[in-house]
Amino acid sequence: MRALAVLLLLASPVAACGDSERAERATLNWYNFPDDSGALQSAADNCSRASEGRYDIRYHRLPRTADGQRQQLVRRLSAEDDSLDILGLDVTWAPEFAEAGWIRPWTGGVREQATEGTLRVPLESGTWEGKLYAVPYNTNTQLLWYRDDLVPTPPKTWAEMLDMARDLAKQRKPHYVEIQGAQYEGLTVWFNTLVESAGGSILTPDAQKPSLGPPAVKAAQIMRDLATSPAADPSLTNQMEDENRLAMEAGTAAFELNYPFVYPSMKANNPKLFEHFRWAPYPRVDADRPTRPTIGGINLAISSYSRHAELAHEAALCLRSRENQLAAALKGGLPPTLRSLYSDRALVDDYPFAQEILNALESASVRPATPAYQNLSIVISHTLSPPSAISPAGSVDEIRGQITDALQSKGLVP
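This write-up is about the structure you can find in this document. (Residues numbered from 1 in each chain as written. Predicted model: local features only at pLDDT ≥ 70, side-chain atom pairs only at ≥ 80, totals over all residues. Heavy atoms only, no water.)

### Here we look at the overall build of the protein chain
- Within the protein chain one finds 18 helices and eleven strands.
- Against the 2.2 N^0.38 benchmark of 22 Å for 414 residues, the protein chain shows a C-alpha radius of gyration of 24 Å, consistent with a compact globule.
- Along the first, second and third principal axes, the C-alpha atoms of the protein chain reach 100 × 55 × 35 Å.
- Taken across its 414 residues, the protein chain has 53% of its residues classed as buried.
- Within the protein chain, residue pairs in contact and separated by at least 24 positions form 74% of the contacts whose partners lie at least 6 positions apart.
- Looking at the protein chain, you have 40 positive and 50 negative side-chain charges, and the mean spots of the two groups are 1 Å apart. (Helix = DSSP H or I, 4+ residues; strand = E, 2+ residues; numbered from the N terminus. Rg over C-alpha atoms; globule rule 2.2 N^0.38 Å. Buried < 20%, exposed > 50% of the residue type's maximum accessible area, 1.4 Å probe, protein only. Contact = heavy atoms within 4.5 Å. Lys, Arg positive; Asp, Glu negative; His and termini not counted. Charge placed at Lys NZ, Arg CZ, Asp CG, Glu CD.)

### Focus: the packing of helix H9 (residues 214-227) against helix H18 (residues 392-407)
- The geometry of H9 relative to H18 is characterised by a closest axis approach of 8 Å and an angle of 125° between their N-to-C directions. Taken together, the axes of H9 and H18 lie oblique to each other. As for the relative orientation of H9 and H18, their crossing is right-handed in sense. Where H9 approaches H18, its residues Ala216, Val217, Ala220, Gln221 and Arg224 are matched on the opposing element by Pro392, Ala393 and Val396. (Axes fitted to C-alpha atoms, helices over the stretch in contact; angles between N-to-C directions. Parallel < 35°, antiparallel > 145°, perpendicular 65-115°, else oblique. Left-handed = near helix turned anticlockwise from the far one by under 90°.)

### Some remarks on the sheet that holds strand S11 (residues 296-302)
- Spatially, five strands are ordered S2-S1-S3-S11-S6 in an open sheet, and the strand pairing comes out mixed. Lying at the two open borders of the sheet, with one neighbouring strand each, are strand S2 (55-61) and strand S6 (135-140). With direction set aside, neighbouring strand axes in the sheet form an average angle of 20°.
- In terms of strand pairing, strand S3 (residues 86-90) meets S11 through five bridges, oriented antiparallel. (Pairing = 2+ DSSP bridges.)

### As for the environment of Pro336
- You can see Pro336 is positioned in the loop between helix H14 (322-332) and helix H15 (345-350).
- The contact partners of Pro336, leaving out residues within four places of it in the chain, are Leu119, Thr139, Gln325, Ala329, Leu341, Tyr342, Leu347 and Leu361.

### Observations concerning the sheet that holds strand S9 (residues 253-258)
- Ordered by their spatial adjacency, four strands build an open sheet running S8-S9-S7-S10, and the pairing between neighbours is mixed. Looking at strand neighbours, the two that pair on one side only are strand S8 (176-178) and strand S10 (277-280), the edges of this open sheet. Recorded for the sheet is a direction-independent mean angle of 20° between the axes of neighbouring strands.
- Judged from the four bridges that link them, strand S7 (residues 143-147) and S10 form a sheet pairing that is antiparallel. Within S10, the residue paired with Arg147 across the bridge is Phe277.
- Contacts from helix H11 (residues 262-269) reach S7, S9 and S10, with the element oriented near 170° to S10.

### Here we look at the nonpolar core
- In this structure, Trp158, Trp190, Phe191, Leu226 and Phe255 are the most contacted members of the largest nonpolar core, which totals 47 residues.
- At the level of secondary structure, the elements contributing two or more residues to this core comprise S7, helix H7 (158-170), helix H8 (185-197), H9, S9, helix H17 (373-383) and H18.
- The leading source of residues in this core is H9, at seven residues.
- Once residues within four sequence positions are removed from consideration, Trp190 is found in contact with Trp158, Ile179, Gln180, Met223, Leu226, Tyr282 and Pro387. (Core = buried A, V, L, I, M, F, W, Y, C linked by side-chain atoms within 4.5 Å.)

### Some points on the state of the cysteines
- Under the defined criterion, the tally for this structure stands at one disulfide.
- Paired by a disulfide, Cys47 and Cys318 hold their sulfur atoms 2.1 Å apart. Judged by the torsion about the S-S bond (-95°), the Cys47/Cys318 disulfide is left-handed. Highlighted residues: Cys47 in helix H2 (residues 39-50) and Cys318 in helix H13 (residues 309-319), separated in sequence by 271 residues. (Disulfide = S-S within 2.5 Å.)

### Concerning unusual backbone geometry
- Looking along the chain, the bond that leaves Ser385 and enters Pro386 is cis, with omega of -5°.
- By secondary structure assignment, the location of Pro386 is in the loop between H17 and H18.
- Phi at Arg172 is positive, roughly 60°, even though this residue is not glycine.
- Along the chain, Arg172 falls in the loop between H7 and S8.
- Its relative accessible area of 79% is what places Arg172 among the exposed residues.
- Even without being glycine, Leu212 reaches a positive phi, approximately 55°.

Laid out in C-alpha cells, this is it:
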C-alpha cells in the first residue's frame, strides 16, 4: 500500500502537467458557409498546423441559405454563446452585428495586417461607422456572359443589349437575357447595381434616409424594359443564379448576368457551347458612366463573446492568407480579395477572366450599409416583383416610403 501511495504521488505532477499543456491548446470554432470543395477545411487544417500547437480550428458548416446562416448566428450571439469564435458573415451583416455588439472591431496591428493589399470595395463591406468589423475572406461580382456565335461584339450598355436581343428574336435565334428576376435578394442586387451605375444610391451617405431619385427611376425603367421585351425569359419571375446558369447551358439564351461559377459549369456540362462562351464587363446604364456591379462574398468577424479573441484574430488572418485565398479560388471558384493574386499565374490560368473580375471589383458597389438591411432588401424585392409590373416613378416612391418606415422601425415588412 505504501509503495502504491508513493507511485500515485509521483504520478500526480506528471498528470497535472499534461492537463495544463492540453488546456493551453485552444479550440477555435469557425462558423462559415457550407463548402463542398474542401477549401475551407484545408484552410482550417493548415492554420491549425501553422499555430504550432497553440490552437486548433474547427470548421462548422452553417445552413446553405443566407437566411438560415444569419438566423443561426443571430440566435447564438443573442444568447452570448461563448463557443463561437470566428464568424463567416455575408457582406451585408457587419452593420447589424456591430450595432448589436456581437462582433469586435479590428484595431491596431491586426487591422493593419488585414487591410494590407486588400481591395478597397470588399473592405468597405466590412466597415461600419468608420470601424472595420469584418475582414474580407472572399468576394464576388457579376460579369456579362454571352455567346460569340450569336453576338460577335458584346454590348456595352443595357440599351444595346436589349436591341441585340430583339434582333436575335426576329431571326428566331436564342435571344434571352438571363438575370435574377425572382422575389429575393438577387432582385435587390440587380436594382442596386443599376441605381449605382446610374450615379445614385439607395441610402444617403449617413444611411439615415433613402436617397433614390432620378437614378432609381432610370434603374426601375431598365428592369421593366427587359421584363416586357423579347429578351425576358418566360420564367424570369422564378429565376435565381442557378436557373440562369441552366438556361444558358441549355442553349436558349444569348446573354447572362451572373457570377464566375458559370464558367467551369459550362465547360463541364456543355463543352460544345463552351467553345463560344465569352465574357465582358457588366453593361452600363449610360455610355459615358462606368458600371458599378454589386459585390458579394464572405467576411470574417470575431465574436464579442469569444474566450480566445487574440488567437481568433490571428487565426482569421491565417484563414484569409494568400495561400488559402488562392486555394479557395481554384477549388471553390471564390474570387480572392488580395489584389496581388489577380496577377498570379496559377489564378490567371484557371480564371482567364481574372483581369475583368479585378476591373469590376475596382469600380464595384456595395449594398446599403445599415443595421436594417434585411428589411430594406425585403421591401425592395417585394415592390419590384414582378419586374414586368414595375411602374418606374410609382414603384420608386413606394420603395422610398417603405424604406423610411423600415429605418425608423415603423410599419410592417411585406
